[in-house]
Amino acid sequence: MDSDAAETPKSQRGGSAIYFDGVSSRRRTVTLRLSDRLDIDEDGQTLAAWDYSDIRRADSPAGVLRLSCLTASALARLEVRDTALAAELVARCARMDDNAPGRRGVAAIVGWSLAAAASIVAVVLFGLPLIADRLTPLVPEAFERRLGDVADSQVKTIFDAKVCDNPAGQKAFVKLVTALRESAGLDTSVQSGVLSSPVPNAFALPGGKVYLFNGLLAKAENADEIAGVLAHELGHLKHRDSMRGLIHNGGTSFLIGLLFGDITGSSALIFGSRTLVTSSHSREAETNADSFAIEIMHRLGRPAKSTGELLLRVTGKEGKGLSIISTHPLSEDRLARMSRQDPPASGPPLLSAEEWRSLKSICETKI
Ligand SMILES: [Zn+2]
């Protein structure tokens, strides 16, 4: 008889179940104790106690009773597979199938999942470049900056590089960047530096960061060559190409991360910063950045073709290698473009011979 059941030797009702606390994703094997409330124990310790009247049924596959609790974390779940135990719980939880407010939470999650699915479908149908173009202006600057900080440390890790800070070299570098930045109409939030990597490259990161690798500096023969490269990167920065590239290259996983706010430490971003440095921007973005660089150099009364010559020297005619990027237009074409209507130098040198020598040795640590 049911009324006597509580008095039988099996009076300590309960059994084992799986518990998710709703905070971590850890799956715990717990023991349930059915007293005047439901105690959830692990290794003799009570993790939680749920009142029967607060317990609700959650969606679950057949053969599993999945429960949530109004007073627990919204995502806390209990999974019961033991049919006898499940039946006992159903009997005790009178309001298990009430249409609880918790359902709205489920609806919101379903809604977001649909939005994520819809955006993936949109990406497949309309292509990533368009989505990236649409999304980029919507990304708040503060968010982009935070993203840039994460990308920044990842780039340094990937290339095992640090920022070179030999004082004389740093002074010359700041002078060069400041002249370019002011000519480009960019504010002082631009951050830049030389990284101690032998890779001949330069790149811009989201959030206003421009980096030059020492490997490219080593191959340069004068300040104009490097100035044009930096101006090119400032062009990417001004057009927020890195943010666009990150969305483009990070692809759907990045979009999902964006939707769910799981950015830091997501694999999408690691992938993103790797591609930022190797091959990120579209041909169009590259051509625009080159035009920008040519304009800046001319505004400063300096030749643009020096940079074209540096690129050709680094990449060879075909523009092979990691170098200042394989997706860039062929170096030969770039040089031709930079040489076109290139007036003779009319402005003062951007750096003195002394400053140029200091810049070249910015990564040398001996004082
Ligand atoms: Zn570029």
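About the cut-offs
Residues numbered from 1 in each chain as written. Predicted model: local features only at pLDDT ≥ 70, side-chain atom pairs only at ≥ 80, totals over all residues. Heavy atoms only, no water. pLDDT = per-residue confidence, 0-100. Helix = DSSP H or I, 4+ residues; strand = E, 2+ residues; numbered from the N terminus. Contact = heavy atoms within 4.5 Å. Axes fitted to C-alpha atoms, helices over the stretch in contact; angles between N-to-C directions. Parallel < 35°, antiparallel > 145°, perpendicular 65-115°, else oblique. Left-handed = near helix turned anticlockwise from the far one by under 90°. Nonpolar A, V, L, I, M, F, W, Y, C, P; charged D, E, K, R; others polar. Core = buried A, V, L, I, M, F, W, Y, C linked by side-chain atoms within 4.5 Å. Buried < 20%, exposed > 50% of the residue type's maximum accessible area, 1.4 Å probe, protein only. Disulfide = S-S within 2.5 Å. Arc of directions from axis to C-beta. Polar contact = N/O pair within 3.5 Å; in protein donor to acceptor, adjacent residues only side chain to side chain.

1. Quick word on the confidence of the model for the protein
Part 1 of the argument: Summing up the model confidence of the protein, the mean pLDDT is 77 and the portion of residues at 70 or higher is 69%.
Part 2 of the argument: Ranking the elements of the protein by mean pLDDT puts helix α1 (residues 2-5) last with 43 and helix α14 (residues 353-360) first with 96.
Part 3 of the argument: Contacts from residues 319-327, a stretch scored under 50 in pLDDT, to residues over four places away or in other chains number 29 contacts.

2. What to know about the packing of helix α6 (residues 167-184) against helix α8 (residues 223-238)
Part 1 of the argument: Packing of α6 against α8 brings their axes to within 10 Å, and their N-to-C directions diverge by 50°. By the angle class used here, α6 and α8 are oblique. The element α6 and its partner α8 pack so that their crossing is right-handed. Contacts between α6 and α8 pair Phe173, Leu176, Val177, Leu180, Arg181 and Ala184 from the former with Ala223, Ile226, Ala227, Leu230, Ala231, Leu234 and Lys238 from the latter.
Part 2 of the argument: For the contact of α6 with α8, the class distribution of residues is 11 nonpolar, no polar and 2 charged.

3. Topic: the nonpolar core
Part 1 of the argument: In this structure, Leu176, Leu180, Leu212, Ile226, Leu230 and Leu359 are the most contacted members of the largest nonpolar core, which totals 40 residues.
Part 2 of the argument: Of all the secondary-structure elements, those providing two or more residues to this core are α6, β9 (202-205), β10 (209-213), α7 (214-219), α8, α11 (283-299), α12 (305-315) and α14.
Part 3 of the argument: Of the residues forming this core, the biggest block, 8 residues, is contributed by α8.
Part 4 of the argument: Dropping the residues within four chain positions of it, Leu230 is found in contact with Phe173, Leu176, Val177, Leu180, Val210 and Leu212.

4. What to know about the state of the cysteines
Part 1 of the argument: The tally for this structure, following the rule as stated, stands at 1 disulfide.
Part 2 of the argument: Between the sulfur of Cys164 and that of Cys363 lies a disulfide, 1.9 Å long from S to S. The sign of the 90° torsion about the S-S bond sets the Cys164-Cys363 disulfide as right-handed. Taken together, the positions of Cys164 in the loop between α5 (141-158) and α6 and Cys363 in the segment after α14 put the pair 199 residues apart, joining distant regions of the chain.
Part 3 of the argument: The exposure class assigned to Cys164 is buried, which follows from its relative accessible area of 1%.
Part 4 of the argument: On the accessibility criterion, Cys363 (21% relative accessible area) is partly exposed.
Part 5 of the argument: In this structure Cys69 is a free cysteine whose sulfur lies 9.2 Å from that of Cys93, the closest cysteine sulfur available.
Part 6 of the argument: You can call Cys69 buried: its relative accessible area is 5%.
Part 7 of the argument: Taking the relative accessible area as the measure of exposure, Cys93 reaches 2% and is therefore buried.

5. Thoughts on helix α2 (residues 83-92)
Because an α-helix completes one turn every 3.6 residues, residues spaced three or four positions apart along the sequence face the same direction.
Part 1 of the argument: Within the sequence span of α2, burial applies to Leu85, Ala86 and Leu89. Looking straight down α2, one finds its buried side chains confined to an arc of 100°; they lie on one side. Facing away from the buried side of α2 by more than 90 degrees, the exposed set consists of Thr83, Ala84 and Ala91.
Part 2 of the argument: Contacts from the buried residues of α2 go to β1 (14-20), β2 (28-34), β3 (38-42), β6 (65-69) and β7 (77-80).
Part 3 of the argument: The distance from a side-chain oxygen at the start of α2 to the backbone nitrogen of Ala84 is 2.9 Å, and the residue carrying that oxygen is Asp82.

6. Re unusual backbone geometry
Part 1 of the argument: One non-glycine residue with positive phi stands out, namely Asp43, at about 50°.
Part 2 of the argument: Along the chain, the position of Asp43 falls in the loop between β3 and β4 (45-50).
Part 3 of the argument: Accessibility expressed as a relative area gives 78% for Asp43, which makes it exposed.
Part 4 of the argument: You will see that Gln341, though not glycine, has its phi angle at about 50°, which is positive.

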